[in-house]
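A structural walkthrough
Chain by chain, the residues:
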Amino acid sequence: MHSSRPAGARSPALLRRWLILVSAAFLITTALVIAPGGRAQAAATLLSQGKPVTSSSTENGGTPAAAAVDGNTATRWSSAASDPQWIQVDLGSTSAISQVVLNWEAAYGKSFQVQVSDNAGGPWNSIYTTTTGTGGVQTLSVTGSGRYVRMNGTQRGTGYGYSLWEFQVYGGTDGGPTACGTANAAQGKTATASSVENGGTPASAAVDGNPGTRWSSAASDPQWIQVDLGSTQSVCQVGLSWEAAYGKSFQIQVSDNAGGPWNSIYTTTTGTGGNQTLDVTGSGRYLRVNGTQRGTGYGYSLWELVVHTTDGGTGPVIPPTDPINPDFGPNVDVFTPSTPQAQMQARLDQVAAQQHTNQFGDQRNALLFKPGTYTADVNLGFNTQVAGLGLSPDDVNLNGHVRVEADWLQQGDNPNNKQNATQNFWRSAENLAVTPPAGQIERWAVAQAAPYRRMHLKGAPEIQLWSGGDGWASGGLFADTKIDNRVVSGSQQQWVSRNSEFGSWAGSVWNMVFVGTTGAPPQNFPNPSHTVVGTTPVIREKPFLYVDNAGSYNVFVPALRQNSSGTSWSHGPAAGTSISLSQFLVAKPSTPIATINAALDQGKHLLFTPGIYHLTDTIKVTKPNTVVLGIGMATLTPDNGKTAISVADVDGVKLGGLLIDAGPVNSPTLVEVGPAGSNADHSANPTSLHDVFVRIGGGAHLGKATVSLQVNSNNVIGDHMWLWRADHGDQVGWNVNTAANGLVVNGNNVTMYGLFVEHYQQYEVLWNGNGGKTYFFQNEFPYDPPDQASWTSGGGTRGWAAYKVANNVTTHEAWGVGSYSFFQVNPALVVDRSFEVPDTAGVKFHDLVSVSLGGVGTIANVINNTGGTANAANQQRYVVSYP
């Protein structure tokens with residue numbers, strides 16, 4: 001351990017000492033791992049008796065809700081004879097819940113949930129669900145916490161109501177279980193240290209479960225080793241198995257952040273080394289042994305660092321999901337063919353009115369239709385998804401409309417001219433067949449983040465992609481969609497159609513791209529600007545929720561397709577696999593992040609129901625083939641500057657249907673696919689991202705993030721991204737909603753379809769990997785640079801290119817790419833080029849356009865020093881190919 005000793009060399013005496021200590025450490029550490037101490041589980045306390053209680057109904061005055069918590073088994077609560085019904089008790093304060101006892105009278109619940117909340121009106125988190133209740137006395141072991149506990153009955157077991165002699169809730173007020181678990185929460189986790197003696201004694205050796213390997217530090221003070229437990233844990237015991245070089249003075253410290261601040265939960269100045277089992281109390285994601293005085297002349301050296309937690313190191317108990325009657329929460333409406341038409345239309349109209357102008361509101365909605373035939377008019381507003389629950393779009397036939405109108409945002413100075421669709425964001429239609437009334441057109445007047453995916457439009461003579469009058473529209477996507485007749489793009493500035501089928505297409509403004517689409521117009525660029533690629537080289541369609549013939553919910557994961565054209569479903573059943581919803585954690589905004597990560601760690605998939613998820617930690621997807629699917633524009637907001645969601649460098653992860661809304665503390669990245677340095681080949685089973693949208697600012701809270709989406713893994717597929725630094729709304733300004741890059745690609749052979757990236761302050765796209773391909777790119781430069789000096793990429797270059805291919809890249813190709821300027825704050829600004837690429841034969845761009853919107857601002861060149869200047873005199877510039 002002397003600093004002068006060659007790495008790995010040991011004297012014979014030291015070797016003998018090492019062998020003896022290995023044997024001792026093995027026995028000691030094994031004891032630590034399997035017998036961590038005698039903390040007992042505290043007896044559960046009856047919390048509900050005599051507490052305030054309410055219910056959805058009572059059968060009569062002799063069966064009040066209070067009778068279920070009075071401790072008298074001869075009195076009872078009973079409800080009206082209908083579904084659903086509930087009873088809830090106010091415990092008076094937030095408590096940990098460990099057991100619920102239901103003493104049913106003869107009228108029992110067959111399907112019900114036990115739910116908890118911190119608020120009397122919810123939102124509710126289900127901690128127990130059953131569809132096979134048999135009545136009698138049910139003693140349910142549960143894990144959860146809340147002030148209010150509710151039995152929510154959804155199907156009665158008899159023709160009467162629900163009836164309980166007693167409703168008993170047991171637990172404690174300490175916020176969690178009190179038993180100290182036996183599992184080592186540190187084993188195999190990421191460990192770092194202030195220093196290492198040599199390459200043979202890394203920090204990871206102290207948490208590998210092997211008592212024959214060790215970490216050792218440099219021979220100086222202070223030194224530390226810390227372990228990332230993966231999520232915030234309640235730590236109850238720490239085991240230290242010291243090598244001969246021990247710590248005399250040290251602290252055990254915890255923190256929720258890798259860099260602190262640190263809270264000391266154990267301190268000593270009289271450490272004697274050997275094996276130490278330390279009972280502690282504290283919580284944090286990171287645990288550190290912080291040495292301040294060595295016990296020898298060597299450094300600090302640990303065979304093993306063992307951490308025990310109050311949950312046994314396994315994380316929270318994951319609530320089961322009932323695939324027949326899943327709890328999707330209050331923001332999901334599921335319609336069936338038996339739903340009264342007037343009732344259904346009233347609900348559709350209610351959601352439409354609420355979301356009509358609610359661009360930055362917190363409301364989120366999913367409108368789901370089980371297989372069958374309906375008559376309905378779906379006028380789709382902000383933050384709303386409408387979707388069919390069939391295995392094929394034609395399983396749900398909607399006679400009427402699924403439409404988006406440009407009737408709310410004033411265009412220009414005329415208050416009566418409300419035909420501007422350029423802000424019709426954040427909505428989607430998926431997996432439906434729609435037949436408008438005879439002779440009526442369909443309208444889908446949208447801008448970014450508004451996919452029309454896996455749809456079948458039947459009968460209508462045409463679908464219009466703008467207001468149908470003289471209004472503006474700005475971008476959209478058709479994917480895996482069949483339009484029987486004509487598509488008319490009108491004033492749509494740009495559009496991407498992938499793996500779709502049209503009767504015909506009419507219209508073009510600046511950039512219309514067709515990939516693997518039948519019925520597309522012929523290749524022509526520019527005027528009309530039609531970029532046509534005959535087949536899609538590699539794609540996986542977005543996973544989707546459906547109900548099978550037995551009434552069970554599943555998620556269908558489409559198979560990978562190569563060199564494809566047309567839809568995946570209209571010429572026979574789509575290839576792919578089904579996953580029962582029972583294999584998913586169905587998350588709600590109230591679901592703790594620790595529960596989400598524990599479910600993912602156990603191999604569960606994840607379904608986000610509509611709502612705003614305030615994250616205190618990163619959602620970590622570590623298992624191959626995991627599906628993470630959001631419905632109803634589920635929105636993830638990191639509140640403390642962490643990455644919202646990260647994906648390990650593994651095969652086949654699918655992320656879909658997520659809006660990432662940056663939080664007030666700057667996040668270095670918001671979405672990360674693969675850690676830095678990822679190098680595995682995923683060509684046979686790539687990770688794919690579908691309808692993943694990012695927003696920086698614009699809403700009620702401040703948003704900041706350096707990079708919105710960073711792709712480090714190879715072979716990733718991006719299927720419709722909108723990465724947006726807000727140009728309007730609240731919390732918007734050059735020094736306010738700061739964001740450097742929208743997309744950074746470090747992986748090789750990454751493919752993007754439908755890439756929209758806007759208003760970032762440096763390179764909006766920075767592509768460092770080889771073999772990249774982009775099919776359709778739309779960009780607006782930032783509106784708000786205050787002056788040229790504040791917006792320069794150095795070396796005399798004015799501004800930052802919208803799309804930068806790094807100088808070391810030798811192969812890259814892009815089709816149908818456009819970039820626009822509107823320098824609203826300072827129209828005198830100039831950006832030297834829209835696209836900046838290395839001049840090499842392997843880097844090829846096809847069908848490029850630069851536009852000075854209204855002549856406000858100047859783009860000097862389209863690509864490198866080619867293409868001419870877009871400004872007030874010549875607002876559009878085109879390049880057919882480069883080089």
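Residues numbered from 1 in each chain as written. Predicted model: local features only at pLDDT ≥ 70, side-chain atom pairs only at ≥ 80, totals over all residues. Heavy atoms only, no water.

1. Focus: the overall build of the chain
Our working rule: By definition, any uninterrupted DSSP run of H or I lasting at least four residues is a helix, any uninterrupted run of E lasting at least two residues is a strand, and each is numbered from the N terminus. C-alpha atoms define the radius of gyration in this analysis, and the globule rule sets the expected value at 2.2 Å times the number of residues to the power 0.38. Relative accessibility decides the category of a residue: with a 1.4 Å probe and only protein chains considered, values under 20% of the type maximum give buried, values over 50% give exposed, and everything between is partly exposed. In what follows, a contact means two residues having at least one pair of non-hydrogen atoms within 4.5 Å. A 1.4 Å probe and the Shrake-Rupley method give the accessible areas. Residues count as covered only by the protein chains that appear here.
Scanning the chain for helices and strands turns up three helices and 62 strands. The C-alpha radius of gyration computed for the chain amounts to 30 Å, which stays within 12% of the reference 29 Å derived for 883 residues, consistent with globular compactness. Considering only C-alpha atoms, the chain reaches an extent of 85 × 80 × 50 Å along its principal axes. Taken across its 883 residues, the chain has 59% of its residues classed as buried. Restricting the contact set of the chain to residue pairs at least 6 apart, pairs at least 24 apart contribute 69%. Carbon together with sulfur atoms contributes 50% to the accessible area of the chain, which is approximately 30200 Å² in total.

2. Description of the pattern of salt bridges
What counts here: Each salt bridge in this description consists of a side-chain nitrogen of Lys or Arg and a carboxyl oxygen of Asp or Glu lying within 4 Å of one another.
Summed over all chains, the structure comprises 31 salt bridges. A salt bridge links Asp 83 to Arg 156, with the nearest nitrogen and oxygen atoms 3.3 Å apart. Within this pair, whereas Asp 83 is found in the loop between β3 (77-78) and β4 (85-104), its partner Arg 156 is found in strand β7 (residues 137-156), the two being separated by 73 residues in sequence. The exposure class of Asp 83 is partly exposed, given its relative accessible area of 34%. Among the charged side chains, a network of salt bridges with common partners joins Glu 430, Arg 453, Arg 498, Glu 541, Lys 542, Arg 561, Asp 691 and Asp 719.

3. Here we look at unusual backbone geometry
Here the bond from Gly 122 into Pro 123 is cis, since omega is 10°, no more than 30 degrees from zero. Residue Pro 222 is reached from Asp 221 by a cis peptide bond, and omega for that bond is -10°. Assignment of secondary structure puts Pro 222 in the loop between β10 (215-216) and β11 (223-242). Positive phi outside glycine occurs at Asn 625, with the angle close to 65°. Its location among the elements puts Asn 625 in the loop between β41 (619-621) and β42 (627-630). The backbone of Asp 847 sits at a positive phi, close to 60°, despite the residue not being glycine. Overall, Asp 847 belongs to the buried group, its relative accessible area being 5%.

4. Comments concerning the side chain of Thr 384
For clarity, the threshold we go by: Counted as a polar contact is a pair of N or O atoms within 3.5 Å, where, for protein atoms, one must be capable of donating a hydrogen and the other of accepting one, and residues adjacent in sequence contribute only when both atoms are in side chains.
Relative to the elements of secondary structure, Thr 384 occurs in strand β19 (residues 384-388). At 2.8 Å, the side chain of Thr 384 and the backbone oxygen of Phe 382 are in polar contact. With residues up to four places along the chain from it excluded, the contact list for Thr 384 reads Val 351, Gln 355, Asn 365, Leu 367, Trp 426, Arg 427, Ser 428 and Met 633.

5. Some thoughts on the side chain of Gln 494
Tracing the backbone shows Gln 494 in strand β29 (residues 494-498). Within the structure, Gln 494 has its side chain in polar contact with the side chain of Ser 474 (distance 3.1 Å). The residues contacting Gln 494, other than those within four sequence positions of it, are Gln 448, Ser 474, Gly 475, Gly 476, Trp 510, Asn 511, Met 512, Phe 776, Gln 778 and Tyr 820.

6. Some remarks on the nonpolar core
Grouped burial of nonpolar side chains is what soluble globular proteins tend to show. Stated formally: What makes a nonpolar core is a set of buried Ala, Val, Leu, Ile, Met, Phe, Trp, Tyr and Cys residues whose side-chain atoms join them at distances within 4.5 Å.
Judged by nonpolar contacts, the single largest core of 80 residues is most densely connected at Phe 608, Ile 619, Leu 743 and Phe 845. The dominant element in this core, judged by the number of residues it contributes, is helix α3 (residues 593-601), at five residues. Excluding its chain neighbours within four sequence positions, the residues that come into contact with Ile 619 are Ile 593, Ile 596, Asn 597, Leu 600, Leu 606, Phe 608, Leu 636, Ala 644, Ile 645 and Ser 646. Among the nonpolar cores identified, the runner-up in size contains 35 residues, and Val 404, Tyr 452, Trp 505 and Met 512 belong to it.

7. Here's the deal with the packing of aromatic side chains
Rules: Only Phe, Tyr and Trp rings are paired, with Trp represented by its six-membered ring, and only when their centres lie within 6.5 Å; those with planes under 30 degrees apart are stacked, over 60 edge-to-face, the remainder tilted. Counting as a charge over the ring demands two things of the Lys NZ or Arg CZ atom: a distance within 6 Å of the ring centre and an angle within 35 degrees of the ring normal.
Applying the stated criterion across every chain yields a total of 42 aromatic pairs. Centroid distance Phe 360 to Trp 724: 6.4 Å. Interplanar angle 10°. Geometry classified as stacked. In this pair, Phe 360 is assigned in the loop between α2 (341-355) and β17 (365-369) and Trp 724 in strand β49 (residues 717-725), connecting sequence segments 364 residues apart. According to the relative accessible area criterion, Trp 724 is buried, its value standing at 0%. A connected cluster of aromatic rings, assembled from ring pairs, spans Trp 444, Tyr 452, Phe 478, Trp 495, Phe 502, Trp 505 and Phe 514. Its guanidinium or amino end placed over the ring of Tyr 753, Arg 498 lies 6.0 Å from that ring's centre, counting from NZ or CZ. Geometry around Trp 426 places Arg 695 over its ring, the cationic atom sitting 4.8 Å from the centre.

None of this, on its own, says anything about what the molecule does.
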